[in-house]
Amino acid sequence: MPQPEQVHSAFSILEFCQFARKKGFSNGVQQTLSALEAAKAIGLVDLQVLELALRAVLCSSKEEWDLFTRIFELFLSSRESTSGTDSKVGHEPRFNALRPEAGSRALVGLSGSDAGQAEGGGKSVSGASAQERLQKVDLADVPVDDLLALEQISTRLFRKMSLRLSRRRKIKNLRESVDVRRTIRRSIPRGGDPITLAFRGRKPRKHKLVIFLDVSGSMNSYSLFLVRFAYALQKYFKSVNTFLFSTNVVEITDLLRTRDLPDALRGLSQRAAGWAGGTKIGDSLRDFNRQQGRRLLSPSTVFIILSDGWDTGEPELLAGELRDTRRRVRKLIWLNPLLGLEDYAPVTRGMSAALPHVDVFSAAHNLESLLALERYL
Amino acid sequence: MPTSPMTPECKQINDVDDLLRRFEGLGYVTDRALATAVYLVIKLRKPLLIEGHAGLGKTEVAKVLASMLGTRLIRLQCYEGLDVNSAVYEWNYQKQLLAIKIEEKIERTVEEKEKHIFSKEFLLERPLLQSILAEEASPVLLIDEIDRADEAFEAFLLELLSDFQITVPEMGTIKAKHLPYVILTSNRTRELSDALKRRCLYHWIDYPSYEKEMKIVRVRLPGIEEELGSQVVRFVQAVRQLDLAKPPGVTETLDCAQSAMSLGKHRLDVQTVEETLGCVAKSLDDGNKLKAAGIEKMLS
């Protein structure tokens, strides 16, 4: 580790590392040590090279990479002014205002902060406008007494289904190919003749589940049960990520990461229940694809959209985005509660544009139809 | 992390600018940011993770680094389902079976036989083991498109990158004599684990500026006319502004310029672009989008 006098007089690496961490960077003590090593290797003659070196050491994603220059400048300017703390405070709001921009959410997640902070980040993704319009919307279609009973039944049934699914996987893939390595090992005590063959099968791969929920008023009660359904299957999936959308998208995975799901759901319906205004499925899906697609869409992803298909956006956009999504995931399932109605036909502009790009189109208006989803997972 | 004695080659590299010049001497035009990162790879012996869109020369960094240091390049191409057997080592089963048969008549104890068939002679070295076994000098280990491998492999890699040793149960632990210089590349098709990212230096390769891209074209295609070169670069840079599924990288710029040259053109016109559309737009959708945006407008 370099001695203090070796360090550039106007620049303290240690302080900068702490500064960056405060700004949401994920650097730990190891990075600080590397930063000191790097500074030593560089020789500390050139501030620009030092900046580049620190950038290479402290960043670990494109989001951090993009923010770094600004943080570096901020740090320098805060150090130049004599009343250091005051100016830092002065800069703070400006910097926070930058955060909800695309990608910076990942920073919040990376920083390993507590749930409260992550929750705040999750909500701010759609920008200030969403929060302004966030208001309580009435969603009680089901009488409260029935709701409780229904919840209990659903929990039990979903848990059963989860067990069934996991068991089915195990029995299925027993032997696929001969494991030569083990066969030879076993043949040694028998003088080299491979009498008993060892087999190996493919390890069952877990899939990711992404749920995309329409939160326009009529959808809420359906949404809540679908979330319950999905979270009962959490063990079966590698991860479950849940998003709400109407005219924009908000991730609520963090809110749902709790032991007491019914409680969280009730809290959710109080807090995040729908924004007034039309539904723009295409726009929301595009935002999702841009911001989260890389993280969540992969050939092992099952993507479920729950919506009635009443779309005020352009059907072409919806079709295009659905095609994009479809190409990147394993299965795209569209649940439409209206399908449960006897005389319903999917002829709305949005719905008919969407249908060609959907793998499974199914109702989700009651528990039975939700349980029927099992065979598609 | 254990340090190894510096090889004579890296003593010669004095500072970042020196490295920058050497890279350009080898035909790789880059900027100070990447040069600094590579410099730190050599000095700190930490792996470097390079992310960026396709076709911007991520893989090339490792190749140029290897030729600059005059050392071996060992490449591991990642893919979905990549397992330890094809990344680290595998026993040569056929040969082992043959050896067992041949030795049947020979008077040896079972232990001796076992020791023989699990000796180095029967070991197939895959890239990661090769990089550890290097005898003379530190090789450059390129782990290409790490985002394609699954998380399990990433976790294994983590272990390797911190200790630089590999355990073969039948032979024992093999420790690296010379720590390899490790370059990882990723196209960001998925997020890598925090633990891996924390262990690496990071560099994001962005699309080059006009000046830088011109420089690249001049270096890579020495025969190109200045007029044609600048037209191609301006055109491709305009195409990048469109919202294509696969925006063209520098590779595409070079392809486009190369094909215009081989067609004997001196200027890039609408017809030439349409004939060589496949150089820039890599899917039908992208091609249509490009045409809809007006090729003529982008050429002006």
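Conventions used here
- Residues numbered from 1 in each chain as written.
- Chains lettered and ligands numbered in written order.
- Predicted model: local features only at pLDDT ≥ 70, side-chain atom pairs only at ≥ 80, totals over all residues.
- Heavy atoms only, no water.
- Helix = DSSP H or I, 4+ residues; strand = E, 2+ residues; numbered from the N terminus.
- Buried < 20%, exposed > 50% of the residue type's maximum accessible area, 1.4 Å probe, protein only.
- Contact = heavy atoms within 4.5 Å.
- Areas by Shrake-Rupley, 256 points an atom, 1.4 Å probe, with all protein chains shown as cover.
- Pairing = 2+ DSSP bridges.
- Axes fitted to C-alpha atoms, helices over the stretch in contact; angles between N-to-C directions.
- pLDDT = per-residue confidence, 0-100.
- Buried area = accessible area lost by both parts, 1.4 Å probe.
- Salt bridge = Lys/Arg side-chain N within 4 Å of Asp/Glu carboxyl O.
- Polar contact = N/O pair within 3.5 Å; in protein donor to acceptor, adjacent residues only side chain to side chain.
- Nonpolar A, V, L, I, M, F, W, Y, C, P; charged D, E, K, R; others polar.
- 1 Å grid on protein atoms, 1.4 Å probe; cavity = no way out; pocket = protein on both sides within 12 Å on 5 of 7 lines; lining within 4 Å.
- Points joined across faces, edges and corners; volume = space filled by probe spheres on them.
- Phe/Tyr/Trp six-rings, centres within 6.5 Å; stacked < 30°, edge-to-face > 60°.
- Lys NZ or Arg CZ within 6 Å of the ring centre and 35° of its normal.
- Expected span 1.5 Å × (residues − 1).
- Bend = angle between axes of the 7 residues up to and from the residue.
- Disulfide = S-S within 2.5 Å.
- Core = buried A, V, L, I, M, F, W, Y, C linked by side-chain atoms within 4.5 Å.
- Parallel < 35°, antiparallel > 145°, perpendicular 65-115°, else oblique.

**Some words on the overall build of chain B**
On a plain count of helices and strands, chain B comes out with 17 helices and nine strands. Among the 300 residues that make up chain B, the fraction classed as buried is 52%. Across chain B, every contact between residues at least 6 apart in sequence was considered, and the portion connecting residues at least 24 apart equals 74%. Summed over all atoms, the accessible surface of chain B reaches about 13,500 Å², with 52% contributed by carbon and sulfur.

**Remarks on the sheet that holds strand β1 (residues 48–52) of chain B**
Residue and element names in this part refer to chain B. On the basis of which strands lie adjacent, the open sheet formed by five strands has the order β2-β5-β8-β1-β9 and parallel pairing. Edge positions in the open sheet fall to β2 (73–77) and β9 (201–205), since each of these has one partner strand only. Each neighbouring strand pair of the sheet contributes to a mean axis angle of 20°, computed without reference to strand direction. As defined by bridge partners, β1 adjoins β9 across five bridges and the pair is classed as parallel. Note that in β9 the partner of Leu49 across the bridge is Tyr202.

**Considering the confidence of the model for chain B**
Where the model shows low pLDDT, its predicted coordinates should not be examined in detail. In the predicted model, chain B carries a mean pLDDT of 87, and 96% of its residues have values of at least 70. In the model, residues 1–10 of chain B has pLDDT below 50 throughout and makes 15 contacts with residues more than four positions away in sequence or in other chains.

**Digging into the interface of chain A and chain B**
Listed as interface residues are 38 residues of chain A and, on the opposing side, 41 residues of chain B. Across the interface of chain A and chain B, roughly 3,700 Å² is buried in total on both sides, 54% from carbon and sulfur atoms. By the criterion of area lost to chain B, the three top residues of chain A are A:Trp65, A:Arg181 and A:Arg294, representing 18% of everything that side buries. The tally of links between chain A and chain B comes to three salt bridges. We note a salt bridge from B:Glu114 to A:Arg185, for which the minimum N-O separation is 3.4 Å. Counting across the chain A and chain B interface gives nine residue pairs in polar contact (both at pLDDT 80 or more). Elements with a minimum of two residues in the side of chain A that touches chain B: α2 (29–42), α3 (47–58), α4 (62–80), α10 (180–187) and α16 (315–328) of chain A. Grouping the constituent residues of the side of chain A that touches chain B by class yields 15 nonpolar, eight polar and 15 charged.

**Thoughts on the layout of surface pockets**
Residues and elements named next belong to chain B. Looking at the second largest pocket, its volume works out to about 610 Å³. The wall of the second largest pocket is formed by 35 residues, among which Tyr28, Gly55, Leu56, Gly57 and Lys58 lie closest to the centre. Of all the secondary-structure elements, those providing two or more residues to the lining of the second largest pocket are α3 (32–44), α4 (58–69), β9, α11 (210–220) and α13 (250–262). With four residues, the top contributor of residues to the lining of the second largest pocket is α4. Among the residues forming the lining of the second largest pocket, the class breakdown is 14 nonpolar, ten polar and eleven charged.

**Things to note about the confidence of the model for chain A**
Residues and elements named next belong to chain A. Of the residues in chain A, 63% reach a pLDDT of 70 or more, and the chain-wide mean stands at 69. Mean pLDDT across the elements of chain A ranges from a minimum in helix α8 (residues 128–133), with 31, to a maximum in α3, with 89. Every residue in residues 1–7 scores below 50 in pLDDT, and together they form nine contacts with partners more than four places removed in sequence or on other chains. Under a pLDDT of 50 for its full length, residues 82–141 has, in the predicted model, 89 contacts with residues more than four places off or in other chains.

**Here's the deal with the packing of aromatic side chains**
Enumeration over the complete set of coordinates arrives at 17 aromatic pairs over all chains. Ring geometry for A:Phe243 versus A:Phe288: centroids 4.9 Å apart, planes at 80°, classification edge-to-face. One end of the pair, A:Phe243, is in strand β4 (residues 237–245); the other, A:Phe288, is in helix α14 (residues 281–291), and 45 residues separate them in sequence. Across the pair, A:Phe288 and A:Phe243 agree in class, each one buried. Three or more aromatic residues joined by ring pairs make a cluster, and in this case those are A:Phe16, A:Phe19, A:Phe25, A:Phe68, A:Phe72 and A:Phe75. The positively charged end of A:Arg55 is found above the aromatic ring belonging to A:Trp65, 3.9 Å away from the centroid. In this arrangement the basic side chain of B:Lys95 is found over the ring face of B:Phe122, its NZ or CZ atom lying 5.4 Å from the centre.

**Points about the pairing of β1(B)**
Consecutive side chains along a regular strand alternate between the two faces of the sheet. Residue and element names in this part refer to chain B. With five of five residues buried, β1 is to be regarded as a mostly interior element. The side-chain alternation of β1 yields two buried faces, one formed by Leu48, Ile50 and Gly52 and the other by Leu49 and Glu51. Where β1 lies against strand β8 (residues 181–186), four bridges are found, and the strand directions are parallel. Within β8, the position partnered with Leu48 by the bridge is Ile183.

**Remarks on α4(A)**
All names here are of chain A. Its 19 residues place the ends of α4 28 Å apart at the C-alpha level, agreeing with the 27 Å of an ideal helix rising 1.5 Å per residue. If you look at α4, its biggest bend is around 40°, right at Phe68. Residues Lys62, Glu63, Glu64, Trp65, Leu67, Phe68, Ile71, Phe72, Leu74, Phe75, Leu76 and Ser78 constitute the buried set of α4.

**Some points on unusual backbone geometry**
All names here are of chain B. We note that Arg45 has phi near 55°; this positive angle belongs to a residue other than glycine. Note that Arg45 resides in the loop between α3 and β1. Located in the positive-phi region is Phe164, a residue other than glycine, with phi close to 50°. If you trace the backbone, Phe164 turns up in the loop between α9 (151–163) and β6 (165–168).

**Topic: the state of the cysteines**
Tallied over the entire structure, the rule returns zero disulfides over all chains. No disulfide involves B:Cys256; its sulfur sits 5.5 Å from that of B:Cys279, the nearest cysteine.

**Comments concerning the sheet that holds β4(A)**
Residue and element names in this part refer to chain A. In space, the six strands of this open sheet follow the order β5-β4-β3-β6-β7-β8, with mixed pairing throughout. Single-partner strands in this sheet number two, and they are β5 (249–251) and β8 (360–362). Ignoring strand direction, the axes of neighbouring strands in this sheet form an average angle of 20°. In this fold α14 packs onto β3 (207–214), β4, β5, β6 (301–306) and β7 (331–335), with an angle of close to 145° to the strand it touches most, β3.

**Here we look at the nonpolar core**
Membership of the largest hydrophobic core comes to 130 residues, with the highest contact counts inside it found for B:Leu65, B:Leu128, B:Ile143 and B:Phe235. For this core, the element with the most residues is α3(B), which contributes nine residues. For B:Phe235, the contacting residues outside a window of four places in its chain are B:Leu268, B:Val273, B:Val280, B:Leu290, B:Ile295, B:Met298 and B:Leu299. Judged by nonpolar contacts, the second largest core, of 30 residues, contains A:Leu213, A:Val250, A:Leu255 and A:Ala364.

**Observations concerning the packing of helix α2 (residues 16–25) of chain B against α3(B)**
All names here are of chain B. Running from N to C, α2 and α3 point in directions that differ by 105°, and their axes come no closer than 9 Å. Judged on the interaxial angle alone, α3 and α2 are roughly perpendicular. The segment α2 lies against α3, with Val16, Asp17, Leu19, Leu20 and Phe23 engaging Arg32, Ala35, Thr36, Val38, Tyr39 and Ile42. Of the residues belonging to the contact of α2 with α3, the class tally is eight nonpolar, one polar and two charged.

**Overview of the environment of A:Thr247**
Residue and element names in this part refer to chain A. Tracing the backbone shows Thr247 in the loop between β4 and β5. Take Thr247: its relative accessible area is 22%, and that puts it in the partly exposed class. Considering only alpha carbons, one finds Thr247 and Asp283, 36 residues apart in sequence, at a separation of 7.1 Å.

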